[in-house]
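Fold and geometry: a report
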Amino acid sequence: MRQEERRARTRTSLLRSASAAVAARGYDGASIDAIASSVGLSKGAVYAHFPNKLELYLGVVSAVLEQSDFRIEGVAASLRSGATALSAADHYFGLAGDGEHASILADVWRVAADEAAVRIELDRFVERRALVLSHAAIDAGASPASAMETAATVARLIDAELLYRRLGVPAVPAIS
C-alpha cells in the first residue's frame, strides 16, 4: 500500500472515531487522546493529520453535512411528488445511523454559536437546503413565496426532529 493510501485510511479512521466521540460526548467532551487510542494511534499521530481539535471537528462537520445534503435530496423528491411538509420532512430519517447523525448535527448547531468556522459551514448548508427544498416545492406547483415558506417549514420540522432524537424523545409519526 502506498503512503498516500495509508494516510487516507488513517484520516478516514480518525474521522470515524471522532464522529462516534462527538455523537456520544459532543465537541467539548470528545477527547483527542480517546479518539487516537480508539484507532491505535498516538495523540501526535492525530495532530499529523489535523493541526488541532477544531480542524478534526470540521472534518466531522463536513461529513455530517454531506450526509445531510444526501438526505435532503430524499425530502425534495417527496415534496416534488406532492407530499405535505410533515410527510416530506419524515423522509430525512429512516436511514442507517439516524441516531449518530442527529447527535452530531445537534452538536454542530450548538458549536456554531461559538466557532465561526463551524458557523460558516452550517450557514452554507442551511442555504443549500433552502434552495433545494424551495425548488422542489416550485417543481410541485407552488408559487415562489409559497415554496420558500414550505422550504422553511420542512427545514424547521427536520431540525426539531433532530433535537428530539438527540434528547432520546420518540419520534411522532407523520399524519398522512
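Our subject in this report is the structure included herewith.

What counts as what
Residues numbered from 1 in each chain as written. Predicted model: local features only at pLDDT ≥ 70, side-chain atom pairs only at ≥ 80, totals over all residues. Heavy atoms only, no water. Helix = DSSP H or I, 4+ residues; strand = E, 2+ residues; numbered from the N terminus. Buried < 20%, exposed > 50% of the residue type's maximum accessible area, 1.4 Å probe, protein only. Salt bridge = Lys/Arg side-chain N within 4 Å of Asp/Glu carboxyl O. Phe/Tyr/Trp six-rings, centres within 6.5 Å; stacked < 30°, edge-to-face > 60°. Core = buried A, V, L, I, M, F, W, Y, C linked by side-chain atoms within 4.5 Å. Contact = heavy atoms within 4.5 Å.

Looking now at the overall build of the protein chain. If you tally the helices and strands in the protein chain, you get eight helices and zero strands. Order of helices (α) and strands (β) in the protein chain, N terminus to C terminus: α-α-α-α-α-α-α-α. Viewed in the frame of its principal axes, the protein chain has a C-alpha envelope of about 55 × 35 × 30 Å. For the protein chain, the proportion of its 176 residues judged to be buried stands at 37%.

Moving on to the side chain of Ser103. Along the chain, the position of Ser103 falls in helix H6 (residues 98-112). Among the residues examined, Ser103 registers a relative accessible area of 9% and is labelled buried.

Let us look at the pattern of salt bridges. Should the charged atoms of two oppositely charged side chains come close, the side chains can pair. Enumeration according to the criterion identifies twelve salt bridges in this entry. Two residues, Arg71 and Asp98, come together in a salt bridge whose shortest N-O distance is 2.6 Å. Note that Arg71 is positioned in helix H4 (residues 53-80) and Asp98 in helix H6, a separation of 27 residues in sequence. For Asp98, a relative accessible area of 11% puts it in the buried group. Between Asp98 and Arg165 there is a salt bridge; the shortest N-O distance is 3.5 Å.

Per the counting criterion, the structure on display carries two aromatic pairs. Look at Tyr27 and Tyr57: their rings are 4.5 Å apart centre to centre, the planes differ by 50°, and that puts the pair in the tilted class. Here Tyr27, found in helix H1 (residues 3-29), pairs with Tyr57, found in helix H4; they are 30 residues apart in sequence, far enough to count as distant. Tyr27 gets classed as buried once you look at its relative accessible area, which sits at 12%. With centroids separated by 5.0 Å and ring planes inclined at 70°, the aromatic side chains of Tyr92 and Phe93 adopt a geometry described as edge-to-face.

Here we come to the nonpolar core. Residues Leu56, Tyr57, Tyr92, Val108, Val118, Leu133 and Ile158 are the most contacted members of the largest nonpolar core, which totals 44 residues. Going through the elements one at a time, H1, helix H2 (32-38), H4, helix H5 (85-90), H6, helix H7 (116-139) and helix H8 (144-167) are the ones with two or more residues in this core. Those residues in contact with Tyr92 that lie beyond four places of it in its chain are Ser68, Arg71, Ile72, Val75, His101, Leu105, Ile158 and Leu162.

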